[in-house]
Amino acid sequence: MWIKRNGHLSGDDIARSEITPREVFENRRRVLRALGAAAATGLVGVNGEALATMTSPDAKGQKLAAKTNPKYVVTDKVTSFKDITTYNNYYEFGTDKSDPAQNAHSLRPRPWKLSVEGAIKNPKVYDIDELLKIAPLEERVYRLRCVEGWSMVIPWVGVSLSELIKRAEPTGNAKYVQFITLADPSQMPGLSTPILEWPYSEGLRMDEAMHPLTLLTVGLYGEVLPNQNGAPVRIIVPWKYGFKSAKSLVKIRFVEKEPPTSWNTYAPTEYGFYSNVNPNVDHPRWSQATERRIGEDGFFTPKRKTLMFNGYADQVASLYQGMDLKKNF
Ligand code: MTE
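Residues numbered from 1 in each chain as written. Predicted model: local features only at pLDDT ≥ 70, side-chain atom pairs only at ≥ 80, totals over all residues. Heavy atoms only, no water.

- Per an unreviewed UniProt entry, the protein carries the name Protein-methionine-sulfoxide reductase catalytic subunit MsrP and comes from Caballeronia glathei.
- Under the UniProt heading Subunit (unreviewed entry), the entry covering the protein gives this text: "Heterodimer of a catalytic subunit (MsrP) and a heme-binding subunit (MsrQ)." (UniProt positions renumbered as here; feature names shortened; annotations may be inferred.)

1. Comments concerning the site of the ligand
Then, in step 1: Close to the ligand lie 15 residues; Asn88, Tyr91, Glu92, Arg234 and Lys247 are nearest.
Then, in step 2: Within the side chain of Asn88, a nitrogen or oxygen atom sits 2.8 Å from an oxygen atom of the ligand.
Then, in step 3: Measuring from a nitrogen atom of the ligand, one finds a side-chain N or O atom of Glu92 at 2.8 Å.
Then, in step 4: When the free accessible area of the ligand is taken as 540 Å², the share hidden by the protein chains comes to 98%.
Then, in step 5: A breakdown of the residues in the shell around the ligand according to their chemical character gives six nonpolar, six polar and three charged. (Near = heavy atom within 4 Å. Polar contact = N/O pair within 3.5 Å; in protein donor to acceptor, adjacent residues only side chain to side chain. Areas by Shrake-Rupley, 256 points an atom, 1.4 Å probe, with all protein chains shown as cover. Nonpolar A, V, L, I, M, F, W, Y, C, P; charged D, E, K, R; others polar.)

2. So, the side chain of Lys244
Then, in step 1: Structurally, Lys244 can be placed in the loop between strand 12 (234-236) and strand 13 (249-255).
Then, in step 2: Using a relative accessible area of 2% as the deciding quantity, one classes Lys244 as buried.
Then, in step 3: Among the polar contacts made by the side chain of Lys244, one reaches the side chain of Glu202 at a distance of 2.7 Å. (Helix = DSSP H or I, 4+ residues; strand = E, 2+ residues; numbered from the N terminus. Buried < 20%, exposed > 50% of the residue type's maximum accessible area, 1.4 Å probe, protein only.)

3. Concerning the nonpolar core
Then, in step 1: Core analysis: the largest hydrophobic core is formed by 86 residues, its most contacted members being Leu216, Ile252 and Phe254.
Then, in step 2: For this core, the leading source of residues is strand 7 (residues 150-160), giving seven residues.
Then, in step 3: Setting aside residues no more than four positions away along its own chain, Leu216 makes contact with Leu131, Val157, Gly158, Val159, Ser160, Leu161, Leu164, Val233, Arg234, Ile235, Leu249 and Ile252. (Core = buried A, V, L, I, M, F, W, Y, C linked by side-chain atoms within 4.5 Å. Contact = heavy atoms within 4.5 Å.)

4. Considerations on the UniProt feature "binding site: Mo-molybdopterin" (unreviewed entry) in the protein
Then, in step 1: Within this numbering scheme, the UniProt entry marks Asn88, Tyr91, Glu92, Cys146, Thr181, Asn229, Arg234, Ser245, Ala246 and Lys247 as carrying the feature "binding site: Mo-molybdopterin" (unreviewed entry).
Then, in step 2: Residue position: Asn88 is located in the loop between helix 3 (81-86) and helix 4 (99-103).
Then, in step 3: Setting aside anything within four residues of it in sequence, one finds Asn88 in contact with Asp96, Lys97, Pro100, Gln228, Asn229 and Lys247.
Then, in step 4: You can see Asn229 is positioned in the loop between strand 11 (223-224) and strand 12.
Then, in step 5: The contact partners of Asn229, leaving out residues within four places of it in the chain, are Ile84, Thr85, Asn88, Leu220, Arg234 and Lys247.
Then, in step 6: Within the structure, Asn229 has its side chain in polar contact with the backbone oxygen of Ile84 (distance 3.1 Å).

5. Considering the pairing of strand 13
Then, in step 1: Pairing analysis gives four bridges linking strand 4 (residues 113-118) to strand 13, with the strands arranged parallel. When the bridges of strand 13 are listed, Gly118 appears paired with Phe254. (Pairing = 2+ DSSP bridges.)

6. Side note on the pattern of salt bridges
Then, in step 1: In this structure the tally under the stated criterion is 19 salt bridges.
Then, in step 2: The residue Glu117 makes a salt bridge to Arg253 at a minimum N-O spacing of 3.1 Å. Of this pair, Glu117 sits in strand 4 while Arg253 sits in strand 13, and the two are 136 residues apart along the sequence.
Then, in step 3: For Glu117, a relative accessible area of 18% gives the class buried.
Then, in step 4: Ionic contacts of the salt-bridge type, sharing partners, join the residues Asp76, Arg143, Arg145, Glu291 and Arg293 into one network. (Salt bridge = Lys/Arg side-chain N within 4 Å of Asp/Glu carboxyl O.)

7. As for the packing of aromatic side chains
For any pair of aromatic rings, the description rests on two quantities: the centre-to-centre distance and the angle between the ring planes.
Then, in step 1: For the coordinates displayed, the defined rule picks out 13 aromatic pairs.
Then, in step 2: With a centroid separation of 5.7 Å and 80° between ring planes, the pair formed by Phe81 and Tyr221 is classed as edge-to-face. Pair noted here: Phe81 is in helix 3 and Tyr221 is in the loop between strand 10 (215-220) and strand 11, with a separation of 140 residues, a long-range link.
Then, in step 3: We classify Phe81 as partly exposed; its relative accessible area is 34%.
Then, in step 4: The exposure class of Tyr221 is buried, given its relative accessible area of 12%.
Then, in step 5: For the ring pair Tyr176 and Phe273, a centre distance of 5.8 Å and an interplane angle of 85° mean the geometry is edge-to-face. With Tyr176 in strand 8 (residues 176-181) and Phe273 in the loop between helix 8 (262-266) and strand 14 (290-293), this pair connects stretches of sequence that are 97 residues apart. Judged on exposure class, the residue Tyr176 and its partner Phe273 are both buried.
Then, in step 6: Put simply, the rings of Tyr91, Phe243, Trp263, Tyr266 and Tyr271 touch in pairs and so form one group of aromatic residues. (Phe/Tyr/Trp six-rings, centres within 6.5 Å; stacked < 30°, edge-to-face > 60°.)

Printed below as a string of structure tokens:
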């Protein structure tokens, strides 16, 4: 599934249209157009690279200039923008898949602050504009597999979380990273229903957080994140079930002990801390062996096989060497 040539990831020497399915190629053209637009408006950095153009208080639909990183592009057909933005889990806006698209207009993604704190040498509160500039934005096409048994393929825009972590300079006590998301009843109607403990919280072990695949995500399809997808900044951990990918982050905290997480607190026997996509470990109430690709597989199509670590085993399996993944589910 990774684009490889002579044992290496493909370089610029292959015409992109030859190696890439049309949807991905089309999407890259969209990104290139965004880069061109940024150049035309003068939003180009000193080295000629385009800068993110997100400056308006109402950033909805604004283009982000990002270069596609071919190292992180799966070749599966990309899910449509419509499906990605209308079939969502974001319980702060309701529990039906269509609720977030209908209700998340009340989220105010700007101005926005993200506090980076805890066991680090450089605690800092980032303004979202500053965050957009910590490293050149990349477009990456990842699979997302929900614990409920459906999946999508999404062209995200962001930077490796490791870029932020390097700046924070974790101390020896930083063993885990906790992600805490917004919980504001004035913006989030779903908070009046005590389904989960709010704020929504998730966590990763330090090596998982530092892994280059772990994406601090600010956009999709070349645009700023729609509210229902976790505007203005979320985490994406592609080898884990979707619920690890917390939306609308307000705090990233470095801690010594494994942090509590919302779904694990809600049902510890159903949702483990690790939550790696693993077709060999059933959820207590359903099998995890197969999945339905949204927009492609109908209810009567045979389901496709779920891949170990969601297809990212080559990249991440070594993180779990020696661990019993049935126990550490
Ligand atoms: N983050 C918050 N704050 N609240 C949520 O309810 N749902 C999670 C995750 N992040 C959720 C969240 C779940 S269960 C999934 S599958 C993904 O977001 C869905 O992301 P998407 O709607 O962008 O596809």
